[in-house]
Each structure stands twice: as C-alpha cells, then as structure tokens.
Number of protein chains: 2
Amino acid sequence: MASVAIGESLGAGPVWPIRDTARRPLALRQVQLTDGFLGDLQRSNSAASIVAGNTHLTQERAWENYRNAAAGLVGVEYHGPVFEDGEVYKWLEAVAWASFSAEDDRPEFLTWLDEYSDLIASAQAADGYLNTFFQVSGQREERYEDLAHDHEIFNMGAMIQSAVAQYRATGNQTLLNVARKAADHLDNTFGPDKLIGFCGHPVVEMALVELYRTTGVERYLRLASFFVEARGHRHLKDPRRHFSSIYFSDRIPVRETTYPEGHAVRAMYLAAAATDVAIETGDTELLAALQQQWDNMVAAKMYVTGGLGSRWEFEAFGDPYELPSDRAYAETCAAIASMQWSWRLYLATGAAKYCDLIERQLYNAALPGVSLDGQAYFYVNALQVRSDAVVDDSRSPAGGRQPWFGCSCCPTNLMRTVASVHHYLASTAANALQLNQYAGATVSATLPAGEVVLDVATNYPWDGDIRITVREAPTQPWTLSLRVPAWANSASVSINGDVAWPAEAGYHDLTRQWQAGDVAQLSLPMRPRLVRGHHRIDDVRGSVVIERGPLVYAIEQVDQPAGVAVDDIALVAGGELTERFDPDRLGGVPVVEFTGTNNPPGGPGYQPATVDEPAAERLTAQAIPYFTWANRGAGPMKVWLPVTT
Amino acid sequence: MASVAIGESLGAGPVWPIRDTARRPLALRQVQLTDGFLGDLQRSNSAASIVAGNTHLTQERAWENYRNAAAGLVGVEYHGPVFEDGEVYKWLEAVAWASFSAEDDRPEFLTWLDEYSDLIASAQAADGYLNTFFQVSGQREERYEDLAHDHEIFNMGAMIQSAVAQYRATGNQTLLNVARKAADHLDNTFGPDKLIGFCGHPVVEMALVELYRTTGVERYLRLASFFVEARGHRHLKDPRRHFSSIYFSDRIPVRETTYPEGHAVRAMYLAAAATDVAIETGDTELLAALQQQWDNMVAAKMYVTGGLGSRWEFEAFGDPYELPSDRAYAETCAAIASMQWSWRLYLATGAAKYCDLIERQLYNAALPGVSLDGQAYFYVNALQVRSDAVVDDSRSPAGGRQPWFGCSCCPTNLMRTVASVHHYLASTAANALQLNQYAGATVSATLPAGEVVLDVATNYPWDGDIRITVREAPTQPWTLSLRVPAWANSASVSINGDVAWPAEAGYHDLTRQWQAGDVAQLSLPMRPRLVRGHHRIDDVRGSVVIERGPLVYAIEQVDQPAGVAVDDIALVAGGELTERFDPDRLGGVPVVEFTGTNNPPGGPGYQPATVDEPAAERLTAQAIPYFTWANRGAGPMKVWLPVTT
C-alpha cells in the first residue's frame, strides 16, 4: 500500500498536484472504503450502474462510431450527439477507477479497459486528432469550424481525463499514449501564435493539467493556461446566434469574475481548471479571485442542497439570489464539477469550508441524481415538484429518474465520481492526516513521522458517531485532524473513551504519540435542525428546511396523510422535530416528523391582504432525506417548508 | 355616426359576432376617445409608435420580400424571421384602426394602406398562397413541409385579420380580396378530407371567424372550427424534436383543457379562437370548457399584473402556481391575446369578471410593454429586476425597453391594440348600454328604445371619478350599466348630484327615463390597498402588492433613499400608505409612500433558523405605477414587497 511520489502519478487519484499545496491528496489505494454507506454506494456503482452503462452505450452504438473512424469511413451514420465520445470517456474513466475496488469480482472491467482503449487508439487520426463525429459524419468541412458547439476539444479533454485515470489506476498506457498524441495535436493547433480559440465547453483545461502532472510535459500546462486565459473576451462566436458569451463563460476573464454565470457545468469546470492552473503556476492572484468567486457563489447562487443553476434556459446560473425551488436546474453534473473545484481549492488552502461544501453537494446535489438501485438518473434536481406538474421533458423531475438520456453526461459523470469518491476522504499536511469526509474505510498515509494506518468505522450519514482506530502508527507524535462540519454546533471528541470535549467547526487537531489500538471518537450531533434562507431569495421567504447531519430533508407526497397535498403543508413554528429510524422505508432511513398545517387548496390567486387566511387543520407530516425521494414513483415533493403559527 | 348591422361589418371594430351574444359590441365610430389617459395614449400611438413602426419595417427590408415575391424572384435573400410577414400585417392593422381616429392629421396612413395593400396583393400567388419566406427564399421544397415552425398559415392569418380591419375601418377591399383568396386556398388545402394539419402558431382561426363574420361565407367558419378541433391530438411533429406538443397547444384538445399550458401567446390565441367558434356554432359545451379554463388560469397561472407565462424556456405557462417574479416571462403579446379572449367571453356571457381582467391586463400587462414616449418596448414584463442582474438577452427587462426586436410581435401587437382600444369601452344588450372601461370618450349606441349619446369625462386611471353626461336619449327608459371593478370595495353612484349610494362589484344598472343633460357620477375608491397571493405561490409568500385603482404599483430603485437597494426593502405591517400626485414624475403620476425597512444585504445564503435576522433600519419608500417603470433608465425594480413587523 505504497504512496505515490509527487510527479509520479501511477497509483494516484484524480488530482495530483506537482507544486506544493497546503494539503496533499492520498494515493488511490491509500483509502479503501469498507462497510457503510459510501462503500455500499461504490459497490452498487460497480455492480449496477457501470455495468448498465456499457449496455446503454452499446445500444446507442457509440462504439460503432469508433469502429467506423478506425475503418476510415466518412459520410456514414453517426450515432448520438456530438459529445457522445465524451460520455464514452467518462464511463471508461469510471471503469478505470472502479477496476481497483472491483477487481476481484469484476474481471470484465479490465477487459473493457483493454479492448475499448485499443479501439479508441485505432480511431485516432495520424496527427493525434480524435473526434468521431467529425471523422465519420462528413457533416463538417473543417475541424474546429464551430468551436462553440462541436465539442471536439471537449471530447478530447474527456479522453485525456479517462486516460490519466486508467494509467493511474492500472498502469495501462494505451490510452495515455492516445492522450499525449491528442494533447500534442491540440498544442500544435492552438496557442498565442497559432489558432486563437477554445472549446465552447471547458474540460480539456483540467485534463491537460493532469496530463502535465502525469507526464511532466510543461507544454500541456501552458496550453491549459492559454485555454483558461483566452476565455472572457467574447471571442467565441455562436453561428446560430442563439447562445451568448455568458453561456460559454466567455463574457469576463475568469480572474475578473465575481459571480459564476452562464451554463453552470461549464462555469464550474472552468473554475476548477483555473484553480489547477493557479496551483501549478503559483498564481496567487488568480487563486484569490477564484476563492472570492467561490464565496460569492455559496452566498448567493447556490441552493441549500448545494445544487447549482437556477435556469432551465441555457442550464444556467441565474442572477444573485435567483433560486426558485420548482424550476431549479441544479444539474447533477454541476454539483460534481463544483465538488471538483472545491477539492482543488481545499488542496490549495486547507480551508474546511471547501470540504463542507463537498459533503453537502455529495449527499444533496450529486447523489439525488441516481436511484437507490443505481439504475436510473435525474439530470435536473429540483427542490420542489408541484401537484399537477406537467412532464414536458425527459429531464423533468416530475417524470422521475430515467434509465438514460439522449445527453447522458450526468449518469456517466456520477459513475466516475462514485468510483473515485474515496479520494475526497483524507489528505495530509506535514505530520498531519486530515479526515475530510466520514465513511467506513481503511486509510493509510506516509507522514514524515512514519507510516500511519487507520480504521474508520461509522454508520454515517445516518449516525454521527465516527470511531477511528489506529492500526499502525510511527513512534513520533503526529496529528489526526478531524473535520467538524459547520452544521455541527455541538460536536465532541474523545480519545480511548476518556471524557469527551467539545469540538468547534473546522479542523480539530489531535496531536499525540498515537499507539496502535488507540481509538479517537468523533460525535457529530444528528438532531434534526431548521435552516432558513437569505431575505433576497424570494422562493424561501418565511420558510425553513429540515436538515439532519449532512442531509437536507424533503417531504414527499407518498409519506403524508391521505388527501393532503405537500403543496399545502406548512410547519408550525416552535414545534418539535422527532425522528425515528424506519428500517422498512427506502432501504432504511431516519424519518423526521413535525407538526404542520394543511392550508386548504383552491380559492383566488390574489385577494385583499385584509382577508383572513382560511383556517388550517393540524397534522403530522413526515420528511425523508432529499436524496432518497422519487424512489417509490415520482410525485409532488418539497424541500422548503413555509412556517406558520 | 350610424351603427353597423349584424352580418354587415363595414364600420365594425375587431370582433363582430353574427350569432346572438349576451352583449353586442359597438361599432368602431360609436366610441371616440376624447381627453384623458387612453385618448392621449391612442394619439401617441399614432404619432410616435405607428410612424416609427414603418421606419423599422422598412429598415428591416420587410417590404423588399413582397417586391421580390411580386417579381417572382426565388432564391434571393429573404429579410427577417419566417414570421416577418405577420409583423407587417399587425402593423398595417394598426394603421387601419388608427386611420379613423388619426384621419385628419395623418394622411399618410391612408396612403400606406393603399400602397402596401397593393404591394401585398401583387405578391400573392395565383392560387391564393401568400408567404414571402417560402416564395422568395428558396429554402423550402414544398409548402407546409414544416407546419410546426414555418408560420405560413400564421402569416396568412395575420393578413386576414389586417384585411378585415382595413375593410371595416375604411371600406377598402383590396386586402380583403387577398384575404378571401388566401382563405379559399387554405380551405382547398386543409380539412378533414384534405390535408390534416394546422399551424404551429394559432391566429388564423380567429382571423377566419372574422372573415366569416365579414363575408358570410360559412366555409371560413368551418375551416376555423377544423383548425381548432384538429389540435390536441399530438399531431404536429417538430422535425427538430426540441419542441413538444405542449409548446404547440397540441397535447390536449381545447375542450378538454383544464389549464392553459405551453407557449402562452399560442395558448391564448387558440382559446380566443375557440371562443369565437363556440359563439358562432352555438357550442355551449365548448364555451363552458373555455370559461372553466379561464377561471383556472386566473386562479393559478396568472401574475398579479395579469401577466401570463412563467417560463423563458418556450415562452410558456408554468405549472399551476409557478409564478416567479424575477423570471416572469409575461410577454406583452400574451396579455394582448388574453384581452382578446376575455372580450369574447364577455360578449358571450356578459360577466363582469372578463372586463375586470381586460382592465388589469391593459394597464399592468400590456401597457408596461411600451415606453411613455411610445418609442421603446418590453417583450418580457418581469415583476422584479434584481440588483446585479446580468443582461443576457435583448428581451431582458434589466436591459430596459428596446426600440425594436428581431421578433417584433410585441411592438406591432401593441400598436394595433392601442389603435383599437376604444372597442373595449362599451357594449349593449337589449335596452342597456354597458360602460366596461373608463376613459374620456363620446359613446353612442342605437338601442331598441332609440339613439343614445353619452359624454364620459374622467381622469381615470389617476382619479376614480367618472362623470357621464347624457347628450342624447330616447324618450323611453333604458339602462345605463356601469362596471364596478372587483377591486372597488366602496364604490358609489349618484345621478344629477343627488345623494350617492353604494355600488357593489359587477354591473350596476341605472334604469330610468334619461334626459339630455342628465349626469351620472361613478366614484371608484382610489385609496392605495394591499393585496396578497395564494399560499402555493412561493415567490410572494409573506409579501404584498400595493394597488391603487386599476393599477399595480412597483418600487423602482431611482425613487428610493440613497444606498438602499430595492431588493432589501420590506413593508412594515400596519403602516399607512400615503399618496400624492407628483406632476413632475413620469409625466405626472400618483406616488404611494410607505414605511419600510432596509434589511442589510450580504451575509450567508443559509443559516440556522435560530439565528436572529439582523436589525433593519426604518425608511420611507416610494412606489410608482408598475407600467411606468424603466422610463428613467432601467434598474432594479420590485412589485411584491415582503412584509415585516
């Protein structure tokens, strides 16, 4: 269980900085999920989601595009949207990360990696270009003639990410060689003295930095930096004139951006990439601008779930505080991209708030995107579905999760995220080991003081007790640093069963000469609590959200008294929130009950303020973890609860 | 000043039923606006808006399309969107209606009617087809190959409306003959035994009913009925697969529709047309379904302004109670189309609520669409513009009104609506004359009892006193029926200065043997009042709107104390609303002042509900009529005011 040296990324996880950062990630195999929620999730991801993903991609004839490209066919039928290659690569990245944790029971994963990598390699043009839509469809005369929409660079970026993942996870270099050739081709094509341009959809920037981190080739970092800095000057032209510079994150340079805007996924991938560039170039000014942008986003452009993007139109961020629950877009991919950004900012700074947000988004903005059986997906994660909602789109939350989409970025993105989710768990800094997220796991690290191995046992997120047993420890003192989430207002810590002492939000350091067998216990308060929103968020005025631990709760129609629509339920102020673990509901979840009222439906839309509200009956309503909704059919649901007296 | 016989529509206004209806409209020249708000508006519409409209259409080279079509050119450059013809016709309809009221000072209006009608006639194909995009662009192989998008029938529908208007207003039959040929062509092409299909955008249905009313040719009514009934069976296919049946009002037959849905303008034009068909075919079942749909719309799918359409995406109605202020679409055209629908339902039933809504929408949903100088337009009428709003579209309210749009339906629609707005003022039923809207005007009618002429003098909507002087009256008794709006909770009526008596909402009948010189006085209460919204409308929870008379009020940034953002202003419950007429503001408007608070901006997006709200300073805030906002530059604005204690 060796660590990976900086600059040698075989065995590393998704992000592997070369430059010094405040925190170092652990290598892929230094964290292994064991029993518990995230471990179960990762196992289900391999057994159900990734396996079904191959079936879907095969049914879509995605591989045929590669076979046709390899055969040099032009003008034949192309299958899927122009970014179909990108979905293939994200899925293959998931296979790569999962091949490690699933290697014993999923031999086909390694076969897929080998065979599909060979196929992809065979489709690459001699000069390194690779994009099956262009290569086989015959619908474009010149490469890069529509940078705004064609996703050529995006697809190659996703391929580079996939190649880096596969190399790090397995050592197989087939796809890495394809990635280097593609990156060389891009570097020969784009740059200050070459073609000035960039892809309408960022992702290659992050990919190129990781390729630099994997190969040490500085040109890749310079090209990533060029792509990041070239944006924001309204350079990209949309031939259809339908999309604006805002959509493409091309209105303002990233270092001048105060709020993220436009297409949420693009904005987040760009911000994550800019953070990578800032880290590797030592650009502290850029890093500071990104931290400020992140703060502004969290304060004014984020849902309480961590969901990002308020507008269906252009899948975009809205104006500050424009955060409607019903029309929340909150694309699953946007949450994932934001987690990638926060992780980079965390590594750069060590600030706990970034891991707080990763936790919030993992459980409440990314995981709602997949069903409990790992077979169906939400693209859009609304915080409310109304009674009488009309399903007008396959993405409509009122229609429930779908097995697949014409644009299946979210399913494949979830697969690679869950397959590598353990990389968010821990990090190091000098003689300190940080636990950033809590899950049953074995964690090992090589500190200057020596080798550390920990067992983490917990029923998190259902339970707030985290028990950390030291299995191996150096003789020198070192620090076990535990993240106490900002929501945990009465956390406590004890060692070896001694008296517990309170732990404030942030990182709580336990520095001592640890012995094998020592046990540190972190207790996070799991009493349900109420949260309110900023006065500028119209949608949540006079309303609260129930949270419990890291989980946001929702009321779903199926759990409420007969004849009472969730649309009409209010929470009675000052009432108690009671909880009970229901082993028979949704695979076993803590249910929170509260006293509410049922406002009679119907009546006029508007009336004089002097008219009294109609009398409302009392009732007991039940809330479930938001991410588990729509697993018993899709129906009305609400996260925000109006408060009544 | 003769009336027009039923079935002889020369001299009639926009809607002229043949079948008996509960109320009869007056002829075009039987209502003449004199001094006052609507008269000023109509004069400005002629002098500024319509004149500029010709300049814009000429600059867009819209007329060149006709000249090219007339010359038989194919494959030449086509100018404008595929519905450019439709804008031309709406503008020409405005010229037709305005040619009457502006005939003394606008001789060019009659010239335009003559010359442009000749030009349009010369462009028509021999078989009656007329659509310059198809005729000159060479981009389509067959007519009607993309009914969903090409607007061929829509354009001919707008032409028929324009032709009917011109014939009624001037007697000129040039365009009417074009309309008959086009309608015959459509009737030869579409129908149960011919091509089953209809236009993606309704409008021809209303046009065909009016053509039937003008010509007596029943085929046109049957074709209108066919087009109405053929919808709702998911027949229309979008070759781009981007738009659903919902968008095209093609998901549910109109007689089964409970809530309007999809593209708001299309849904309203269809509902208005279906009402026309129900009237002329005596289809009481269809009429009842439309009345129920109207009730549901008003209760759950309408903004307090009367604005319709909650979603930018697809310019569409949202789900019931989905009514965000900031992202309100509330297209100017949707309000106009709804006024057309309500007028038809009023004629069919005589219910006051339809004229109530016409009033609300005229002042608060249609008129906000045009600047006070008549030179700039809003396409979208949001109820809120936030601080830090980004302008990402020419339709964005944050960008202010625009002189014109690539799709300039709203400006031309406003022009024809204002030019004919006097047709909403009065109606008759047996020996009763109803005043439905209040404005300085002369109104004449031929009742069974004899000829009636009234002078209406009022400073409405600024003032609630309406003084009606009988100038001519028959010797027999007859009824003067005055609409008391539902918002007027303490209206009173007096005759010849006698003691005033209270008048309930609805129509208030004054039946007597009127003498020339008699004066009836209606006093509507103009004290500002507060209105609240339904508990299912998230956006307005805990908030109120200020209304005064028929006007909805808004707070605009420019009127507030320095350093206080409208986003942060709340209204203190129980405080007084004081008003004063400010002659120097916005051409003279009643300003309403209230005691408010300034919630400090900034701070976290979400926090525990147990944390106290920060202390807020008191201030005096000022509200102006919503329709006058953005006439001193565009900036933040809000209609709904959170209530605080």
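Our structure is the block above this text.
These numbers come from a predicted model, not from an experiment.

S.K.: Tell me what's going on with the overall build of chain A, and back it up with residues and numbers.
M.R.: Tallying secondary structure elements over chain A gives 14 helices and 23 strands in all. Here chain A has a C-alpha radius of gyration of 25 Å; the compact-globule value for 645 residues is 26 Å, and the two agree. Seen along its three principal axes, the alpha-carbon backbone of chain A occupies a region of about 75 × 65 × 45 Å. Once local pairs closer than 6 in sequence are excluded, the contacts in chain A between residues at least 24 apart make up 68%. Just so you have it, chain A exposes about 20,900 Å², and 48% of that area is on carbon and sulfur atoms. Once the 51 positive and 77 negative side-chain charges of chain A are each reduced to a mean point, those two points are 3 Å apart.

S.K.: I'd like to hear about unusual backbone geometry, residue by residue, with values.
M.R.: Most of the time, phi is negative for any residue but glycine, and the peptide bond is trans. Residues and elements named next belong to chain A. With an omega dihedral of 5 degrees, the bond running from Tyr460 to Pro461 counts as a cis peptide bond. Tracing the sequence through the fold places Pro461 in the loop between strand E7 (450–458) and strand E8 (465–472). For Ser249, which is not glycine, the phi dihedral falls at a positive 55 degrees. Although it is not a glycine, Leu586 adopts a positive phi angle of roughly 55 degrees. Note on placement: Leu586 falls in the loop between strand E18 (578–582) and strand E19 (589–598).

S.K.: Residue-level account of helix H4 (residues 107–123) of chain B, with values.
M.R.: Along an α-helix, a turn takes 3.6 residues, which lines up residues three or four apart on a common side. Residue and element names in this part refer to chain B. Across its 17 residues, H4 extends 25 Å between first and last C-alpha, which sits within 8% of the 24 Å expected from 1.5 Å per residue. Residues of H4 that are buried include every one of Phe109, Trp112, Leu113, Tyr116, Ser117, Leu119, Ile120 and Ala123, and no others. Down the axis, H4 shows its buried residues gathered within 165 degrees of arc, on one side only. Opposite its buried face, H4 presents the exposed residues Pro107 and Glu115, each directed more than 90 degrees away.

S.K.: Tell me what's going on with the packing of aromatic side chains, and back it up with residues and numbers.
M.R.: All names here are of chain B. Per the counting criterion, the structure on display carries 68 aromatic pairs over all chains. Ring centres of Tyr66 and Tyr89 lie 6.1 Å apart, and the angle between their planes is 70 degrees; this geometry places the pair in the edge-to-face category. Placement of Tyr66 in helix H2 (residues 62–70) and of Tyr89 in helix H3 (residues 84–101) is noted, with a sequence separation of 23 residues between them. Given the relative accessible area of 0%, Tyr66 is considered buried. By relative accessible area, which is 1% here, Tyr89 ends up buried.

S.K.: Could you give an account of the packing of helix H10 (residues 264–281) of chain B against helix H12 (residues 332–349) of chain B, with specific residues and numbers?
M.R.: All names here are of chain B. Running from amino to carboxyl end, H10 crosses H12 at an angle of 20 degrees, the nearest separation of the two axes being 8 Å. The angle between H10 and H12 falls in the class roughly parallel. Handedness of the H10/H12 crossing: left-handed. Every residue of H12 that contacts H10 at Ala264, Val265, Met268, Tyr269, Ala271, Ala272, Thr275, Asp276 and Ile279 is listed here: Cys333, Ala334, Ala337, Ser338, Gln340, Trp341, Arg344, Leu345 and Ala348.

S.K.: Can you explain the interface of chain A and chain B? Please cite residues and give values.
M.R.: In this complex, chain A contributes 60 residues to the contact, which on the side of chain B involves 60 residues. Across the chain A/chain B interface, buried area totals approximately 5,100 Å², and carbon plus sulfur atoms make up 45% of it. Its largest share of buried area at the contact with chain B, chain A owes to Arg532, Arg536 and Tyr606 of chain A, together 18% of the area lost on that side. For the pair chain A and chain B, the interface holds 14 salt bridges. Taking the shortest distance from any N to any O, the salt bridge between Arg386 of chain A and Asp538 of chain B comes out at 3.0 Å. Linking chain A with chain B are 38 residue pairs in polar contact (both at pLDDT 80 or more), by the criterion used here. For the side of chain A that touches chain B, the secondary-structure elements that each account for two or more residues are strand E14 (529–533), strand E15 (543–548) and strand E20 (606–608) of chain A. The element that contributes the greatest number of residues to the side of chain A that touches chain B is E14 of chain A, accounting for four residues.

S.K.: Account for the relation of the copies chain A and chain B, naming residues and giving values.
M.R.: Turning chain A through 180 degrees and shifting it by 0.0 Å along the axis lays it on chain B, with an RMSD of 0.0 Å. What the superposition gives is, in effect, a two-fold axis relating one chain to the other. No C-alpha of chain A lies nearer the rotation axis than that of Asp539 of chain A, which sits 2.3 Å from it. The residues that chain A uses at the interface reappear at the interface of chain B in 100% of cases, marking a shared surface.

S.K.: Talk me through the pairing of strand E21 (residues 617–625) of chain A; I want residue IDs and the actual numbers.
M.R.: Bridging between strand E16 (residues 551–556) of chain A and E21 of chain A involves two bridges; their strand directions are antiparallel. Along E21 of chain A, the bridge assignment pairs Tyr553 of chain A with Pro625 of chain A.

S.K.: Break down the sheet that holds strand E9 (residues 478–484) of chain B for me, citing the residues and quoting the values.
M.R.: Residues and elements named next belong to chain B. Strand order in the open sheet made by the five strands is E1-E4-E5-E9-E12, with mixed pairing throughout. The two strands at the open ends of the sheet, each matched to only one other strand, are strand E1 (24–25) and strand E12 (506–512). Looking at chain direction, strand E4 (residues 426–429) and strand E5 (residues 432–435) are connected through four bridges and run antiparallel. Counterpart to Ala426 in the pairing with E5 is Leu435. Helix H13 (residues 352–366) rests against E9 and E12 of the sheet, and its axis sits at about 50 degrees to E9.

S.K.: An account of the side chain of Asn65 of chain A is requested, with residue identities and associated values reported.
M.R.: Tracing the sequence through the fold places Asn65 of chain A in helix H2 (residues 62–70). Look past the residues within four positions of Asn65 of chain A in its chain and what remains in contact with it is Glu77, Tyr78, His79, Glu84, Thr132 and Val136 of chain A.

S.K.: How would you summarise the state of the cysteines if you had to cite specific residues and measurements?
M.R.: Enumeration according to the criterion identifies zero disulfides over all chains in this entry. Cysteine Cys407 of chain A remains unbridged, with the sulfur of Cys409 of chain A as its closest cysteine sulfur at 3.6 Å. No disulfide involves Cys333 of chain B; its sulfur sits 3.6 Å from that of Cys410 of chain B, the nearest cysteine.

S.K.: Could you give an account of the pattern of salt bridges, with specific residues and numbers?
M.R.: Scanning all chains against the criterion turns up 92 salt bridges over all chains. Taking the shortest distance from any N to any O, the salt bridge between Glu64 of chain A and Arg61 of chain A comes out at 3.0 Å. Its salt-bridge partner being Glu359 of chain B, residue Arg483 of chain B comes within 2.9 Å of it at the nearest N-O pair. Remark: Glu359 of chain B occurs in helix H13 and Arg483 of chain B occurs in strand E9; sequence separation between them is 124 residues. You'll find Arg483 of chain B and Glu359 of chain B in the same group, each marked buried. Among the ionic contacts, a cluster of salt bridges with common partners joins Glu556, Asp559, Arg580, Asp582, Arg585, Glu593 and Arg632 of chain A.

S.K.: Give a description of the environment of Leu362 of chain A that names residues and reports values.
M.R.: Residues and elements named next belong to chain A. Looking at where Leu362 falls in the secondary structure, it is placed in helix H13 (residues 352–366). Taking the C-alpha atoms as reference points, Leu362 and Ser338, separated by 24 residues in sequence, lie 9.9 Å from one another. If sequence neighbours within four positions are ignored, Leu362 has contacts with Leu38, Met339, Leu367 and Val421.

S.K.: Account for the environment of Asp283 of chain B, naming residues and giving values.
M.R.: Topologically, Asp283 of chain B is positioned in the loop between H10 and helix H11 (284–300). Looking at Asp283 of chain B, its side chain comes within polar contact range of the main-chain nitrogen of Leu286 of chain B, at 2.9 Å.

S.K.: Residue-level account of the nonpolar core, with values.
M.R.: For soluble globular proteins, nonpolar side chains are generally found buried alongside one another. Residues and elements named next belong to chain B. The biggest cluster of nonpolar side chains holds 224 residues, and the ones touching the most others in it are Trp91, Ile160, Val443, Leu480, Leu524 and Val639. For this core, the element with the most residues is H10, which contributes 13 residues. Beyond its immediate stretch of four places on either side in the chain, Leu480 contacts Leu433, Leu435, Leu454, Ile468, His508, Asp509, Leu510, Trp514 and Ala520.

S.K.: Pulling in residues and values, what's your account of the sheet that holds strand E7 (residues 450–458) of chain B?
M.R.: Strands in a sheet are paired, the pairing made by backbone hydrogen bonds, and the direction either parallel or antiparallel. Residues and elements named next belong to chain B. Ordered in space as E2-E6-E7-E8-E13-E10-E11, the seven strands form an open sheet in which the pairing is antiparallel. Sheet topology places strand E2 (31–33) and strand E11 (501–503) at the edges, where each strand pairs with a single neighbour. Strand after strand, the sheet turns through a mean of 20 degrees between neighbouring axes, direction not considered. Across six bridges, the pairing between E7 and strand E8 (residues 465–472) is antiparallel. Paired with Leu454 across the strands is Val470, a residue of E8.

S.K.: Please provide a residue-by-residue account of the pairing of strand E17 (residues 569–572) of chain A, values included.
M.R.: Residues and elements named next belong to chain A. Strand direction decides the pairing type here: E17 and E19, joined by three bridges, are antiparallel. Within the sheet, the bridge partner assigned to Leu571 lies in E19 and is Gly596. Relative to strand E23 (residues 641–644), E17 runs parallel, the two sharing two bridges. Paired with Val572 across the bridge in E23 is Thr644.

S.K.: Tell me about helix H9 (residues 218–230) of chain A, and name the residues and values.
M.R.: All names here are of chain A. With 13 residues, H9 should reach 18 Å at 1.5 Å per residue; the first-to-last C-alpha distance of 18 Å fits that figure. Every buried residue belonging to H9 is among Tyr220, Leu221, Leu223, Ala224, Ser225, Phe226, Phe227, Val228 and Ala230, and all of these are buried. Of the surrounding secondary structure, the elements contacted by the buried residues of H9 are helix H6 (152–170), helix H7 (174–189), helix H8 (204–215) and helix H10 (264–281). Of the residues flanking the end of H9, it is Gly232, one or two places downstream, whose phi is positive at about 95 degrees.

Reading the values: rules and limits
- Residues numbered from 1 in each chain as written.
- Chains lettered and ligands numbered in written order.
- Predicted model: local features only at pLDDT ≥ 70, side-chain atom pairs only at ≥ 80, totals over all residues.
- Heavy atoms only, no water.
- Helix = DSSP H or I, 4+ residues; strand = E, 2+ residues; numbered from the N terminus.
- Rg over C-alpha atoms; globule rule 2.2 N^0.38 Å.
- Contact = heavy atoms within 4.5 Å.
- Areas by Shrake-Rupley, 256 points an atom, 1.4 Å probe, with all protein chains shown as cover.
- Lys, Arg positive; Asp, Glu negative; His and termini not counted.
- Charge placed at Lys NZ, Arg CZ, Asp CG, Glu CD.
- Expected span 1.5 Å × (residues − 1).
- Buried < 20%, exposed > 50% of the residue type's maximum accessible area, 1.4 Å probe, protein only.
- Arc of directions from axis to C-beta.
- Phe/Tyr/Trp six-rings, centres within 6.5 Å; stacked < 30°, edge-to-face > 60°.
- Axes fitted to C-alpha atoms, helices over the stretch in contact; angles between N-to-C directions.
- Parallel < 35°, antiparallel > 145°, perpendicular 65-115°, else oblique.
- Left-handed = near helix turned anticlockwise from the far one by under 90°.
- Buried area = accessible area lost by both parts, 1.4 Å probe.
- Salt bridge = Lys/Arg side-chain N within 4 Å of Asp/Glu carboxyl O.
- Polar contact = N/O pair within 3.5 Å; in protein donor to acceptor, adjacent residues only side chain to side chain.
- Least-squares fit on C-alpha atoms with pLDDT ≥ 70 in both.
- Pairing = 2+ DSSP bridges.
- Disulfide = S-S within 2.5 Å.
- Core = buried A, V, L, I, M, F, W, Y, C linked by side-chain atoms within 4.5 Å.

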